Amino acid sequence: MPDQNVDVVIVGSGPVGYVAAIRAAQLGMKSCIVERDKLGGICLNWGCIPTKALLKNAEIYTDFKHAEEWGIRYDNLTFDFAKIIARSRKVATLNSKGVEYLMKKNKIETISGFGKLAGNGKVEISKDGKPVGSVTAKHVIIATGARARSLPGVDIDGTSVISSTEAMSLPKVPGSMLIIGAGAIGVEFAYLYNAFGTKVTLVEMMPNILPVEDKELSKLLESNFRKKGIEILTETKVEKVVKGKEVKVTVSGKEGTKELKGDVALMAIGVQANSEELGLEKAGVKTEKGWIQVDDFGKTSAAGIYAIGDVAGAPWLAHVASREALVCVDAIAGKNPQPIDWDNIPGCTYCQPQVASLGLTEEKAIAAGHQLKIGRFPFSASGKARAIGETDGLVKLIFDAKYGELLGAHILGSGATEMISELGLAKTLESTVRGIEGTIHPHPTLSEAIMEAAENAYGHSINI
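Here, residues in each chain are numbered from 1, in the same order as that chain's written sequence. Only residues with pLDDT of 70 or above have their local features reported here, since the model is predicted, and side-chain atom pairs are shown and tallied only from 80 upward, although totals for entire chains, interfaces and linings are computed over all residues. Side-chain numbers here rest on the full set of heavy atoms in the structure, without hydrogens or water.

Novice: How do you make sense of helix H14 (residues 448-457) when you look at a structure like this?
Specialist: It helps to recall that an α-helix has 3.6 residues per turn; residues three or four apart then point in one direction. Three exposure classes are used, based on accessible area relative to the maximum for each residue type with a 1.4 Å probe and protein chains only: buried under 20%, partly exposed in between, and exposed over 50%. Runs of H or I in DSSP of at least four residues are treated as helices and runs of E of at least two as strands, each being numbered from the N terminus. Of all 10 residues that make up H14, 9 are buried, and the element is covered over most of its length. Of the positions making up H14, those classed as buried are Glu448, Ala449, Ile450, Met451, Glu452, Ala453, Ala454, Glu455 and Ala457. Among the structural elements, strand S22 (372-378), strand S23 (394-400), helix H12 (416-428) and helix H13 (433-437) are those in contact with the buried residues of H14. Whether two residues are in contact is decided by their heavy atoms: any pair within 4.5 Å suffices.

Next comes the structure, spelled out in structure tokens:
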């Protein structure tokens, strides 16, 4: 490839990279993307999108197993796991092709290869370890994301010890699976494989599964999972992992030390930055434990170099990454954008029942010194939830008692990940409890539970 000059070069094409490229093009800047794999990054190809396709399969299959409750009968319910995986991969491919279309539409060149900083705004491109050219730009954006991390001394071999990537394309349903880490990834795969008959054990070193969520909702989800037959070990530390015909995991916790056995072990303890071999140190870009250090607009310690998305640290969420891309490019263009409001970031877990939240948990709100008014509305009291057979969970809203300000919103239940946006908008607009309970919600809908929870905070709830 010939050496090129552009206004903005972006290394990585995930939800941060391709969004940054499009925004730059919209603002009249010539941009290009350097990507070593498929367009769309981990999210579109091996993360957010294909996992949701798999989880939908699990949800449908679970519904069929309870078809008698709906007056529907059939014989010999089965599933074809290979077709389930194939459907997920097809969805991922279509989304990646969608990014290809967006690049062409916005006249953004995509360069296949590995990009490395080479000083003075230059990014050197290599393929198969051999240099093939370079791109020079006034602004360089690093958007290389993150990958699964493992326990010290435990290699993810992709066969007996796997990451979420391998978990999305297993050749068959394992008889048993040990999942180490009960954050969103661990919980989603626990739901998925339990639905298809795998004996699942969740191991979490913190007191609750989904440890970043409100403790009340985490406990309710834990109870729901136990009823499904998922074994859950909290406050439990992994001491040793031994690979073999079966994986043996030694754990220690409240019940002492014991050995767990499974056909496969899934590492779901978090991620590490894809920041190696990028030439960061030589370029003067500061990192901490691999994460690139940036300001509110994605600027690094080196002039003209930016980093956004997962490679710049938590929270590792695609929707946050995309917003960071817009803020960063708008800042480059001199548009004076508002920094991200880190207190209004929705977090979602797509098991069933779903979990969605934003703002402060009850525990954190108390620790921050707030006097609280808390409203709850269970889906068991919702007419729509009864009608669709999804009565597990509740809406929990946390308000400042003095001013009625919405401090936090937490939903456990069907449709939670769709419902949370209403509360994000309410928080953005600085709505109080009066605004939420005064907004007429259509009946019958699951979203009525939000209005009812707001009313409940001040003793006004009608339906409980």
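Novice: Just to check I follow, could you spell out the sheet that holds strand S14 (residues 256-262) for this structure?
Specialist: By way of backbone hydrogen bonds, the strands of a sheet pair with one another, either parallel or antiparallel. Judged by pairing direction, the sheet is antiparallel, and its 3 strands sit side by side in the order S12-S13-S14 without closing on themselves. Either end of the sheet is taken by a strand with one partner, and the two such strands are strand S12 (237-242) and S14. Strand-to-strand, the axes of this sheet are offset by a mean angle of 20°, without reference to chain direction. As paired elements, S12 and strand S13 (residues 247-253) share 5 bridges and run antiparallel to each other. When the sheet's bridge partners are listed, Lys237 is paired in S13 with Ser252. Only when DSSP finds a minimum of two bridges between them are two strands counted as paired. Here the axes come from fitting lines to C-alpha atoms, over the contacting stretch only for helices, and the angles between their N-to-C directions go from 0 to 180 degrees.

Novice: Please clarify how the pairing of S23 should be interpreted in this entry.
Specialist: For a regular strand, the rule is simple: side chains alternate between the two faces of the sheet. Across the 7 residues that make up S23, a large majority, 7, are buried. Residues Leu394, Lys396, Ile398 and Asp400 of S23 are buried on one face, and the alternating residues Val395, Leu397 and Phe399, pointing to the opposite face, are buried as well. Relative to strand S24 (residues 406-413), S23 runs antiparallel, the two sharing 6 bridges. Of the residues in S24, the one forming a bridge with Leu394 is Leu412. The antiparallel hairpin formed by S23 and S24 contains 5 residues in its connecting segment, where Gly404 sits at a positive phi of about 75°.

Novice: Honestly, the packing of aromatic side chains in this entry has me stumped. Any pointers?
Specialist: One pair of aromatic rings is described through two measures. These are the centre distance and the angle between the planes. Only Phe, Tyr and Trp rings take part, Trp by its six-membered ring, and two of them pair if their centres are within 6.5 Å. Stacked means planes under 30 degrees apart, edge-to-face means over 60, and tilted covers everything else. With the rule as written, the count across this model stands at 8 aromatic pairs. Ring centres of Tyr61 and Phe196 lie 5.4 Å apart, and the angle between their planes is 25°; on these two criteria the pair is classed as stacked. Here the residue Tyr61 occupies a position in helix H3 (residues 48-65), and Phe196 occupies one in the loop between helix H6 (184-195) and strand S10 (199-203), the gap between them amounting to 135 residues. On the accessibility criterion, Tyr61 (14% relative accessible area) is buried. Given a relative accessible area of 6%, Phe196 falls into the buried group.

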